Amino acid sequence: MSEVILEVKNLSINFGGLKAVDDVSFEIKRGEILGLLGPNGAGKTTCFNMISGVYKPTGGEILLNGMRTNGFPPYKMAMLGVGRTFQVVKPFSELSVLDNVIVALGMMKYGSFRLSWRFWNTAESRLRAMEILRRVGLADKAELKAALLPLGNLRKLEIARALALEPKLLLLDECFSGLRYEEIKATEELIMRIREDGVSVLFIEHNMRVAMGLSDRIVVLDHGRKLAEGLPAEISANPAVIEAYLGKGDCADVAERQ
Ligand SMILES: Nc1ncnc2c1ncn2[C@@H]1O[C@H](COP(=O)(O)OP(=O)(O)OP(=O)(O)O)[C@@H](O)[C@H]1O
């Protein structure tokens, strides 16, 4: 587990006078699960937006497999192996679960939704999409309209669509949010299986128990800056982390774990 997939060096972005991300550095190795934590407004999603090409950093560097990708557009980052899910799930709700994955496969092949219709309904695309749905545990829902799925399955569909891009790095933005206990367990197992396939996972999570249990390492942001980095046990015992959370009345169970 020593090959570095993503390196973020002194990453910064300003929105007007606000330093939303300020001099943040960390790296992720192949097959590693890294938790990105921090109170509301800490800059976590903004980091995702820079890594996935939505925002261009105003300072610092993003290196994917050693290649500088600052300012690359999202489709290019997807082609280079950065898959992503969103805090708010965004399936094509009128399409079936299977067709949602087929569209994502077309994106992988053609780089645009406009052209991905070419991939539609080929035997190859259906087979591949079913394989991905089996991987995430949604094969029996393939023909259902996405709009009919409950949140837990919608989040699995988001992960399926990201997997269609055959990512080397998967960014998961609060993929446990709103899930029931059994759904959380199933999603944790899914992420562990994804990692076993050699994919690196960077995930944003507010639920401390989930973050501590799933992460190999954790990076904590606060007010755009890196507050701490370490093993889950080190993070849960870190006074600065406890203060950042308790100060905001958030995630009090960091302290409980000591
Ligand atoms: N496009 C933007 N324009 C202006 N300010 C922004 C923009 N995107 C994010 N911000 C600001 O940057 C800061 C960091 O936001 P971000 O969404 O990255 O935080 P977060 O850690 O993901 O928070 P949460 O846990 O609530 O999702 C916030 O103050 C936010 O209002």
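Everything that follows concerns the structure shown earlier in this document.
This one's a predicted model, so the numbers in the text were calculated from it and none came from an experiment.

1. What to know about the overall build of the chain
Here comes step 1: Helix and strand counts for the chain come out as eleven helices and ten strands.
Here comes step 2: Across the 258 residues of the chain, 53% fall into the buried class.
Here comes step 3: Intrachain contacts of the chain at a sequence separation of at least 6 include 65% that bridge at least 24 residues.
Here comes step 4: About 11,500 Å² of surface is accessible on the chain, with carbon and sulfur atoms providing 53% of the total.

2. Focus: the site of the ligand
Here comes step 1: The full set close to the ligand counts 15 residues, and Gly41, Lys44, Thr45, Thr46 and His206 are the nearest of them.
Here comes step 2: For the ligand, an oxygen atom lies 3.2 Å from a polar atom in the side chain of Asn40.
Here comes step 3: Between an oxygen atom of the ligand and a main-chain N or O atom of Thr45, the distance comes to 2.9 Å.
Here comes step 4: In isolation the ligand exposes 640 Å². Once the protein is present, 64% of that is buried.
Here comes step 5: Listed by contribution, the elements that provide at least two residues to the shell around the ligand are strand E2 (18-29) and helix H1 (44-51).
Here comes step 6: Among the elements that line the shell around the ligand, the one with the most residues is H1, at three residues.
Here comes step 7: Of the residues assigned to the shell around the ligand, the class counts are six nonpolar, seven polar and two charged.

3. Some thoughts on the pattern of salt bridges
Here comes step 1: A full pass over the atoms with the stated rule returns 17 salt bridges.
Here comes step 2: Note that Glu166 and Arg128 form a salt bridge whose closest N and O atoms lie 3.7 Å from each other. Of this pair, Glu166 sits in the loop between helix H6 (151-163) and strand E7 (169-173) while Arg128 sits in helix H5 (residues 123-136), placing them 38 residues apart in sequence.
Here comes step 3: Glu166 gets classed as partly exposed once you look at its relative accessible area, which sits at 44%.
Here comes step 4: With its nearest N and O atoms 3.3 Å apart, the salt bridge here joins Glu158 to Arg161. With Glu158 and Arg161 both in helix H6 and three residues apart, the pair spans about one turn of that helix.
Here comes step 5: One salt-bridge network, in which partners are shared between bridges, spans Glu32, Arg217, Lys226 and Glu229.

4. Observations concerning the sheet that holds E2
Here comes step 1: Read from one edge of the open sheet, four strands run E2-E1-E4-E5, paired in antiparallel fashion. Because the sheet does not close on itself, it has two edges, and the strands there are E2 and strand E5 (67-68).
Here comes step 2: Inspection of the sheet shows strand E1 (residues 4-15) paired to E2 by eight bridges, in the antiparallel sense. Directly across from Val4, in E2, lies its bridge partner Lys29.
Here comes step 3: Relative to the sheet, H1 contacts E1, E2 and strand E4 (59-64), its axis offset from that of E1 by approximately 115 degrees.

Cut-off values and rules
- Residues numbered from 1 in each chain as written.
- Predicted model: local features only at pLDDT ≥ 70, side-chain atom pairs only at ≥ 80, totals over all residues.
- Heavy atoms only, no water.
- Helix = DSSP H or I, 4+ residues; strand = E, 2+ residues; numbered from the N terminus.
- Buried < 20%, exposed > 50% of the residue type's maximum accessible area, 1.4 Å probe, protein only.
- Contact = heavy atoms within 4.5 Å.
- Areas by Shrake-Rupley, 256 points an atom, 1.4 Å probe, with all protein chains shown as cover.
- Near = heavy atom within 4 Å.
- Polar contact = N/O pair within 3.5 Å; in protein donor to acceptor, adjacent residues only side chain to side chain.
- Nonpolar A, V, L, I, M, F, W, Y, C, P; charged D, E, K, R; others polar.
- Salt bridge = Lys/Arg side-chain N within 4 Å of Asp/Glu carboxyl O.
- Pairing = 2+ DSSP bridges.
- Axes fitted to C-alpha atoms, helices over the stretch in contact; angles between N-to-C directions.

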